[in-house]
Amino acid sequence: MSWLEPEPFLRGTAWLDGDRPVRADPADLGRLPWDIAQRAALPIGVRVEFTAAPGTRAVLLRYRAALPVAGDALRALRHGFALWQGTDCLAEVFARPAEEGSVRIGLPPGGGEFTVHLPEGQAPVVLGLRAVGGALSPAPRRPRWLVHGDSITEGWWATRPARSWPATAGRQLGLDPVNLGYAGGARGELPLAEQLSRLPGELITLAFGTNCWGTVPFSASLMYETTRTFLSLVRRGHPETPLLLVSPVLRPAAEATPNPMGATLTELRAAMERAGRDRVLAGDRRLAVLPGRDLLDPAHLADGLHPNDAGHTVLGAAVARSLREAGFVPPG
């Protein structure tokens, strides 16, 4: 049996650069800061989703991926593939690292719909799929959820790609999350807002701001105007698309500490929330604001900033609940 073309099976894709899934418009990289362009080359959140006929014993994935660096203590785990069905992780398979190879993932005998989460950090490119003892077809398409944010959205300190909060909430809501989180970035970069405005999607979440406290320090007034402008640019391409604005989650060291512009994270958060609510008052009825401060406790933070697995689970559940309460997705 010949290999099946991967594109119909890929989910979580934003743009393709040749055969590589990327997370920024390849034709518009020149306007982005270098760190965001670099992070956008990693296919964070990209998955393979398929329906297996009853009796299909396994799926073979042929792929290309970067090799772990020399001396990497976790080398044996870098080419890991996780098989999920619904909200359950059924298995993890760790292939021997190779620049190009294939991995066999066993399936339960009854068939059904499955998701394979890829080793994101190694920039994998799926080259083909093949069924063992049965047949595969692309899984049904689900509503595309564009999720923009920083390293927290990208999934930092989750132990597996499938444990990030966008992946967690996406499973709960039956959505296709497109992860547009950029570690160190999401500082209100307006070219990203314009790219979001051109990207098809049925639902949008913006969850940024913590890097506006330290990485590129903002004042409260700058935070307000940047949020207002970012929303306006996204709305040019998505005038009626449901949009949830999530302000920064807890960051204990920054809450009451002024940055070089004299603003605490508490003040930046309030400015972001005010910008969102002012837009709602001005008539944007498809926009909701989720205050982030009380969504997580210190015990949910792995390093004082990024959530651990429990934190990602809590954050994903909070976002899912907010989307339902706003009427943006059907009630669960």
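As shown above, the structure is provided for reference.
A. Quick look at the sheet that holds strand β16 (residues 287-290). A sheet is described by the order of its strands in space; here five strands give the open sequence β13-β12-β14-β15-β16, paired in parallel fashion. Two strands in the sheet have a free side with no partner beyond their single neighbour: β13 (176-181) and β16. When strand polarity is set aside, the average angle formed by the axes of neighbouring strands in this sheet is 15 degrees. Bridge count between strand β12 (residues 144-149) and β13: six bridges; the pairing is parallel. Bridged to V147 within β13 is N179. Sheet strands in contact with helix α3 (residues 165-173) are β12, β13 and β14 (203-207), and its direction is about 155 degrees off that of β12.

B. Focus on the environment of V48. Within the element layout of this structure, V48 appears in strand β4 (residues 47-52). Owing to a relative accessible area of 0%, V48 belongs among the buried residues under this scheme. Note: C-alpha distance between V48 and P8 (40 residues apart in sequence) is 9.0 Å. In this structure, V48 is in contact with F9, L10, L61, F114, T115, V116, L118, V126 and L129, ignoring residues within four places of it in sequence.

C. Representation of a nonpolar patch on the surface in the model. Side chains of L74, L77 and F94 sit close together on the surface and give an oily, nonpolar patch of about 260 Å² of accessible area. The class of F94 is partly exposed, set by a relative accessible area of 35%.

D. The sheet that holds strand β10 (residues 125-132), seen in detail. Read from one edge to the other, the open sheet built from three strands follows the order β8-β5-β10, with strand pairing classed as antiparallel. Only two strands of the sheet have a single neighbouring strand rather than two, namely β8 (100-106) and β10. Pairs of neighbouring strands in the sheet enclose a mean axial angle of 20 degrees, with direction left out of account. The sheet contact formed by strand β5 (residues 58-64) and β8 spans seven bridges and is antiparallel. From the neighbouring strand, V59 faces β8, where its bridge partner is I105.

Scoring rules and cut-offs
- Residues numbered from 1 in each chain as written.
- Predicted model: local features only at pLDDT ≥ 70, side-chain atom pairs only at ≥ 80, totals over all residues.
- Heavy atoms only, no water.
- Pairing = 2+ DSSP bridges.
- Helix = DSSP H or I, 4+ residues; strand = E, 2+ residues; numbered from the N terminus.
- Axes fitted to C-alpha atoms, helices over the stretch in contact; angles between N-to-C directions.
- Contact = heavy atoms within 4.5 Å.
- Buried < 20%, exposed > 50% of the residue type's maximum accessible area, 1.4 Å probe, protein only.
- Patch = residues over 30% accessible without salt bridge, like charges linked within 9 Å, V, L, I, M, F, W, Y side chains within 5 Å.
- Areas by Shrake-Rupley, 256 points an atom, 1.4 Å probe, with all protein chains shown as cover.
- Salt bridge = Lys/Arg side-chain N within 4 Å of Asp/Glu carboxyl O.

That is the geometry; function is a separate question.
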